[in-house]
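Residues per chain are reported as follows:
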Amino acid sequence: MFRIYKGDEVAANGESPLTITGLEPNADVSEGEYQAVRIEGDRESERVDIPAFKTLPIAVTGVALSPKTSNAEAGTAGNRQLTATVTPEKATNKNVAYSIAPTTKGLSVSNAGLITWTEETPAGKYTTTVVTKDGNKKDTHELTLTEPVPEPPEGEG
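Report follows, based on the coordinates. Keep in mind it's a predicted model, so treat the numbers as computed, not measured. (Residues numbered from 1 in each chain as written. Predicted model: local features only at pLDDT ≥ 70, side-chain atom pairs only at ≥ 80, totals over all residues. Heavy atoms only, no water.)

## Quick look at the nonpolar core
Short version of the rule: The set of buried Ala, Val, Leu, Ile, Met, Phe, Trp, Tyr and Cys residues whose side-chain atoms join them within 4.5 Å is what this entry labels a nonpolar core. A simple rule labels every residue: compare its accessible area, found with a 1.4 Å probe on the protein chains alone, to the largest value its type can have, and call it buried under 20%, exposed over 50%, or partly exposed in between. Starting at the N terminus, helices and strands are each numbered in turn, a helix being any DSSP run of H or I of at least four residues and a strand any DSSP run of E of at least two.
Membership of the largest hydrophobic core comes to 18 residues, with the highest contact counts inside it found for Ile-100, Leu-107, Ile-115, Trp-117, Tyr-126, Leu-143 and Leu-145. Going through the elements one at a time, strand S8 (62-66), strand S12 (96-101), strand S13 (107-109), strand S14 (114-117), strand S15 (124-132) and strand S16 (138-146) are the ones with two or more residues in this core. Grouped together as the second largest cluster of nonpolar side chains are 5 residues, Ala-12, Val-29, Tyr-34 and Ile-50 included.

Written out as structure tokens, the structure reads:
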């Protein structure tokens, strides 16, 4: 049986391997901050410093884009801001990358999720995908650019 101490407090107790809980994720812990002892009967061995270590990160479990769809008229420049919400809220690496397809003249998406198009971007459906750097989680947004509705000639409306 083993015991891990932090100062005079018992941080973990039991059979090896032991898990120290309640630490900040993705944090550096210096050598000697924790000590380990072996327990035989009611006697503890001499304390041994635990080497420096880094706590585990909190993994990404998902990502959601908002809004899911947008509609606009082709022939007019415009933009839509997308928001990617990475879960869990305390995930260590919340970095994401955006892409848009199909590749079309005048259409792009920024690293911050801002879709922009020019008056040259043709009508059609365009899919923006967000992918998390941690875990490769994905979600999509669909932009539909519709054909412009022609204006009725003067005096006919």
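## Concerning the environment of Tyr-5
The test is simple: In what follows, residue pairs with any heavy atoms lying within 4.5 Å of each other are defined as contacts. What qualifies as a polar contact is a pair of N or O atoms within 3.5 Å, subject to a donor-acceptor requirement within protein and to the restriction that residues adjacent in sequence count only when both atoms come from side chains.
Tracing the backbone through its elements, the reader meets Tyr-5 in strand S1 (residues 2-6). Taking relative accessible area as the criterion, Tyr-5 reaches 9% and is therefore assigned buried. It is 63 Å that separates the C-alpha atoms of Tyr-5 and Lys-105, two residues lying 100 residues apart in sequence. Once you skip the residues sitting within four places of it in the chain, Tyr-5 turns out to touch Val-10, Ala-11, Glu-33, Tyr-34, Gln-35, Val-37, Glu-44 and Arg-47. Looking at Tyr-5, its side chain comes within polar contact range of the side chain of Glu-44, at 2.4 Å.

## With respect to the layout of surface pockets
Heads up, the condition is: Residues are said to line a cavity or pocket when one of their atoms sits within 4 Å of a point; the points come from a 1 Å grid over protein atoms alone, cavities being sets where a 1.4 Å probe fits but cannot get out and pockets being open sets with protein on both sides within 12 Å along at least five of seven lines. Grid points are joined across faces, edges and corners, and a volume is the space filled by probe spheres set on the points.
Approximately 290 Å³ is the volume found for the largest pocket. What lines the largest pocket is Ile-4, Leu-18, Thr-19, Ile-20, Thr-21, Gly-22, Leu-23, Ile-50, Phe-53, Thr-55 and Leu-56.

## A short note on the sheet that holds S15
Test applied: Here, a strand pair is defined by DSSP locating no fewer than two bridges between the strands. Axis definition: a line fitted to C-alpha atoms, over the contacting stretch in the case of helices. Angles run 0 to 180 degrees between N-to-C directions.
Pairing within the open sheet is mixed, and its 4 strands lie in the order S9-S16-S15-S12. The two strands at the open ends of the sheet, each matched to only one other strand, are strand S9 (69-73) and S12. Taking each pair of neighbouring strands and ignoring which way they run, the sheet shows an average axis angle of 20°.

## Focus: the sheet that holds S13
Sheet architecture is open: 3 strands sit in the order S10-S14-S13, paired in antiparallel fashion. Only two strands of the sheet have a single neighbouring strand rather than two, namely strand S10 (78-81) and S13. Mean inter-strand twist for the sheet, computed between neighbouring axes without regard to direction, equals 10°. Two strands pair when backbone bridges link them, and S13 and S14 are joined in this way by 3 bridges, in the antiparallel orientation. Within S14, the residue paired with Val-109 across the bridge is Ile-115.

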